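For reference, the chains in residue letters:
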Amino acid sequence: MVVDDHPMWREGVARDLAEAGFLVVATSGEGRQAIRVAAAVRPDVVVLDLQLPDISGVEVVVGLRAVLPDVRVLMLSASGEEQSVLDAVKAGATGYLVKSTAPGEFLDAVRRTAAGDPVFTPGLAGLALGEYRRLAAGPDPGTADDGEPGTPRLTGRETEVLRLVAKGMSYKQIAQRLGLSHRTVQNHVQNTLGKLQLHNRVELTRYAIERGLDD
């Protein structure tokens, strides 16, 4: 789903996505309308502008996550200001790109967002990871502290994959780095999610950063 208040931009992005093989289930030019429509059509990924005429893109992220907890939101904005990125991450956005991003990079970012990868414009990734670290600083009620009875035990390979996930690498990049198949990397991630009782790669990234695995 594409949400942007500029018709030519919105239609252009939707067309590019469709030509690249994505199914665009809806478009919208307003935030409140976008939340209502998304609840009905249930998109996997929402490409969302930061500035909308009725409510902010950050407010839309919060509304989308309320009706669709598993939706992945890729912010696409003309603003690369640090506070905008921090607000988006805090609200639950999966990624953040500036509108000057090249078309090929944008389409790759949508694919990675669909896979659950946190995707950010170069130069903003470190800022976003820092915010993930801050958000993860509190104790996670779903996991035990290291060394305590009941702490999930990961294999050496699962821990290795988790470290690379924390660094923001895609499945393909991890597979190339470790000499594994794409499917094997996916299996390791799914096994790790199950052991840690987490739901997606964003939560997994926060878990890893909390434990300093992104260093």
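One can find the structure itself at the top, above this paragraph.
Residues numbered from 1 in each chain as written. Predicted model: local features only at pLDDT ≥ 70, side-chain atom pairs only at ≥ 80, totals over all residues. Heavy atoms only, no water.

**Student:** I would appreciate a short explanation of the sheet that holds strand β6 (residues 119–120) in the present structure.
**Tutor:** Two pairing modes exist for strands in a sheet, parallel and antiparallel, and in both the strands are linked by backbone hydrogen bonds. What the six strands build is an open sheet, ordered β2-β1-β3-β4-β5-β6; its pairing is parallel. Of all the strands in the sheet, the pair left with one neighbour each is β2 (27–28) and β6. Examined bridge by bridge, strand β3 (residues 45–48) and strand β4 (residues 72–77) share four bridges and lie parallel to one another. From the neighbouring strand, L48 faces β4, where its bridge partner is M75. Relative to the sheet, helix α3 (residues 57–67) contacts β3 and β4, its axis offset from that of β4 by approximately 170°. (Pairing = 2+ DSSP bridges. Helix = DSSP H or I, 4+ residues; strand = E, 2+ residues; numbered from the N terminus. Contact = heavy atoms within 4.5 Å. Axes fitted to C-alpha atoms, helices over the stretch in contact; angles between N-to-C directions.)

**Student:** Quick question: what am I supposed to make of a nonpolar patch on the surface here?
**Tutor:** On the surface, a cluster of nonpolar side chains totalling about 270 Å² of accessible area is made up of L23, V25 and V41. Within the element layout of this structure, L23 appears in the loop between α1 (7–19) and β2. (Patch = residues over 30% accessible without salt bridge, like charges linked within 9 Å, V, L, I, M, F, W, Y side chains within 5 Å. Areas by Shrake-Rupley, 256 points an atom, 1.4 Å probe, with all protein chains shown as cover. Salt bridge = Lys/Arg side-chain N within 4 Å of Asp/Glu carboxyl O.)

**Student:** What exactly am I supposed to notice about the packing of helix α7 (residues 156–166) against helix α8 (residues 171–178) here?
**Tutor:** For any two helices packed against each other, the geometry is given by the interaxial angle and the distance between the axes. Where α7 contacts α8, the two axes come as close as 10 Å, and the packing angle between them is 130°. Judged on the interaxial angle alone, α8 and α7 are oblique. When the axes of α7 and α8 are compared, the crossing they make is right-handed. Together, R157, E160, V161, L164 and V165 of α7 and I174, R177 and L178 of α8 make up the contact between the two elements. Classifying every residue of the contact of α7 with α8 by side-chain character gives five nonpolar, no polar and three charged. (Parallel < 35°, antiparallel > 145°, perpendicular 65-115°, else oblique. Left-handed = near helix turned anticlockwise from the far one by under 90°. Nonpolar A, V, L, I, M, F, W, Y, C, P; charged D, E, K, R; others polar.)

**Student:** What is the right way to read the pairing of β4 from this model?
**Tutor:** Of all six residues in β4, five are buried, a share of seventy percent or more. As a crossover connection, the stretch from β3 through α3 into β4 is right-handed. (Buried < 20%, exposed > 50% of the residue type's maximum accessible area, 1.4 Å probe, protein only. Right-handed = clockwise from strand over helix to strand, strands pointing away.)

**Student:** Sorry if this is basic, but what is going on with the side chain of S77 here?
**Tutor:** In this fold, S77 is placed in strand β4. Look at S77 and you get buried, because its relative accessible area is 2%. Every residue in contact with S77, bar those within four places of it in the chain, is listed here: D49, L50, Y96, L97, V98 and K99.

**Student:** What exactly am I supposed to notice about empty space enclosed by the protein here?
**Tutor:** The probe, sized like a water molecule, is rolled over the atoms to show the empty space still left. The full count for this structure, using the stated rule, is one cavity of 30 Å³ or more. A volume near 30 Å³ is recorded for the largest cavity. Lining the largest cavity, in full, are V2, V3, D4, W9, V13, V47, L48, D49 and L76. Contributing elements (two or more residues each) for the lining of the largest cavity: β1 (2–3), α1 and β3. Here the residues of the lining of the largest cavity are counted per class, giving seven nonpolar, no polar and two charged. (1 Å grid on protein atoms, 1.4 Å probe; cavity = no way out; pocket = protein on both sides within 12 Å on 5 of 7 lines; lining within 4 Å. Points joined across faces, edges and corners; volume = space filled by probe spheres on them.)

**Student:** Help me understand the nonpolar core, please; the structure alone is not making it clear to me.
**Tutor:** Grouped burial of nonpolar side chains is what soluble globular proteins tend to show. One finds L48, L64 and M75 to be the most contacted residues of the largest nonpolar core, which totals 25 residues. Mapped by element, the contributors of at least two residues to this core are α2 (31–41), β3, α3, β4 and α4 (82–91). Counting residues per element, this core draws most heavily on α4, which supplies four residues. Counting 19 residues, the second-largest nonpolar core is a separate cluster that includes V185, L198, L204 and A208. (Core = buried A, V, L, I, M, F, W, Y, C linked by side-chain atoms within 4.5 Å.)

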